[in-house]
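# Structural features, examined
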Amino acid sequence: MTAEQQAVAPRLTERSPSMSAAELAATLVPPRQFDTASFESYRPDPDYPSQAEALAKITAFAGSWKPAAKTGGFFSRAKKGPATKPGIYLDGGFGVGKTHLLAALWHAAPGPKYFGTFIEYTALVGALGFSEAVKLFHGARFIAIDEFELDDPGDTMLMTRFLGELVAGGTRLAATSNTPPNALGEGRFAAADFLREIQAIADRFDIVRIDGLDYRRRDIEGHAVAFGSDAELLAAVERRAAAGESITLDPFAELVEHLGSIHPSRYIKMIDGVDVIALSDVAPLLNQTDALRLVAFVDRVYDAQIRILASGTPLDEVFAGDMLNGGYRKKYLRATSRLIASASL
């Protein structure tokens, strides 16, 4: 694509946002599709009783913020209920409503409160530094962690310490994932210390299993829609810009390179106000660092419900080589699914 053609729309590579600690924390809210999520709007599948059970358990967890009713007098020997763990963990596959329930719990919780993915929290701690991050979240009543994945030992130990500091200060936690906590990281690392760290995190949560079918019926076997040429992509960009949509246009390789110059915690501001992202000359990624940055970027784009237009290789084929067979397979499969969805919004 020529420089003249590129000039029809602004570029994401021209954006290098900065954000204060307070601004970063303010982004930690549920994705817009869960703005109105509630316990009442969750519809358990009657064929899978665990969904109704999970709803009951997380509703009861939400009630734990209510002050206990006083009973008896000063010398009352009333029995205390069983100790409640500071967190609840929703385990299940794609599309069974875990994120809906997590967002509903966030809406029901008292503030200060935060909602983010595991990757968002580790990125934020990395951007601010451990001590500053703990200071920022000190006093939080509730923290929700979506997509709780542990495929990096450094991030595992970081989050173990981080959550430990917050729980010690009275913060309650809720998290979601797709595998039981004791299985997170399994098949990638076998070091005893790493497994011990995973167990330390798992022990902070009451585990709630949710079975069921994917209500979205997402097909990660399909392909993201791709234009056959840059000329077709450019025509689509011009049409959308003329219709008043806020659209950006970048060569794929340049965007990937630019992502390396911006901390992942700031990707969300990089796409602020954008309706459509157009990428020309998409090609497979062979560098895992670039691929992981793209995963973090795709998460932000998907949560913001931004459409992606692209030419070249279909976006679901960008994770090349042995990436889908390695330790980060789960991340890449999730990103692939989200790229397909974003290309068809």
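Above this text is the structure in question.
Heads up: these notes are all about the structure in this document. A quick note: this is a predicted structure, and the numbers were derived from the prediction, not measured.

This part takes up the overall build of the protein chain. For the protein chain, the helix and strand inventory stands at 13 helices and eight strands. Counting across all 345 residues of the protein chain, residues that qualify as buried make up 47%. Considering only contacts in the protein chain between residues 6 or more positions apart, those separated by 24 or more positions represent 86%. Accessible surface, the protein chain as shown: approximately 16,400 Å² in total, 53% of it carbon and sulfur.

In this section: the packing of aromatic side chains. Applying the stated criterion across every chain, the model contains nine aromatic pairs. With 5.8 Å between their ring centres and 80 degrees between their planes, phenylalanine 61 and tryptophan 65 make a pair best called edge-to-face. Per residue, the accessibility class of phenylalanine 61 equals that of tryptophan 65, and both read buried. An angle of 50 degrees between the planes, with centres 6.3 Å apart, marks the rings of tyrosine 89 and phenylalanine 148 as tilted.

Grouped together as the largest cluster of nonpolar side chains are 37 residues, with contacts concentrated most on Phe252, Ile277, Leu279, Leu294, Phe297, Leu315 and Phe319. Where this core is concerned, the elements lending two or more residues are helix 10 (252-259), helix 11 (267-270), strand 7 (276-282), helix 12 (288-303), strand 8 (307-312) and helix 13 (329-342). Here the element with the most residues in this core is helix 12; it accounts for seven residues. The next biggest cluster of nonpolar side chains, apart from the first, holds 26 residues, and it includes Tyr42, Ala54, Trp65 and Ile88.

In this section: the pattern of salt bridges. A complete count under the given rule lists twelve salt bridges for this structure. Between glutamate 120 and arginine 300 there is a salt bridge, with the nearest N and O atoms lying 3.6 Å from each other. With glutamate 120 in helix 5 (residues 118-128) and arginine 300 in helix 12, this residue pair connects regions lying 180 residues apart in the sequence. Where glutamate 245 meets arginine 240, a salt bridge forms, and the shortest distance between an N and an O atom there is 3.0 Å. Take arginine 240: its relative accessible area is 22%, and that puts it in the partly exposed class. When salt bridges with common partners are traced through the structure, they connect Glu147, Asp299, Arg334 and Arg338 into a single cluster.

The next thing to look at is the side chain of aspartate 316. You can see aspartate 316 is positioned in the loop between strand 8 and helix 13. Here aspartate 316 is buried and forms no salt bridge, its nearest opposite-charge partner arginine 307 lying at an N-O distance of 12 Å. Within the local environment of aspartate 316, its side chain forms a polar contact with the backbone nitrogen of alanine 224, the two atoms lying 2.6 Å apart.

Residues in a regular strand project their side chains so that they alternate between the two faces of the sheet. Here strand 7 lies mainly inside the structure; six of its seven residues are buried. Bridge count for strand 7 against strand 8 is five bridges, and the pairing is parallel. When the sheet's bridge partners are listed, valine 282 is paired in strand 8 with glycine 312.

Rules used in this analysis
- Residues numbered from 1 in each chain as written.
- Predicted model: local features only at pLDDT ≥ 70, side-chain atom pairs only at ≥ 80, totals over all residues.
- Heavy atoms only, no water.
- Helix = DSSP H or I, 4+ residues; strand = E, 2+ residues; numbered from the N terminus.
- Buried < 20%, exposed > 50% of the residue type's maximum accessible area, 1.4 Å probe, protein only.
- Contact = heavy atoms within 4.5 Å.
- Areas by Shrake-Rupley, 256 points an atom, 1.4 Å probe, with all protein chains shown as cover.
- Phe/Tyr/Trp six-rings, centres within 6.5 Å; stacked < 30°, edge-to-face > 60°.
- Core = buried A, V, L, I, M, F, W, Y, C linked by side-chain atoms within 4.5 Å.
- Salt bridge = Lys/Arg side-chain N within 4 Å of Asp/Glu carboxyl O.
- Lys, Arg positive; Asp, Glu negative; His and termini not counted.
- Polar contact = N/O pair within 3.5 Å; in protein donor to acceptor, adjacent residues only side chain to side chain.
- Pairing = 2+ DSSP bridges.

From the geometry alone we can't say anything about function, so treat these as descriptive.
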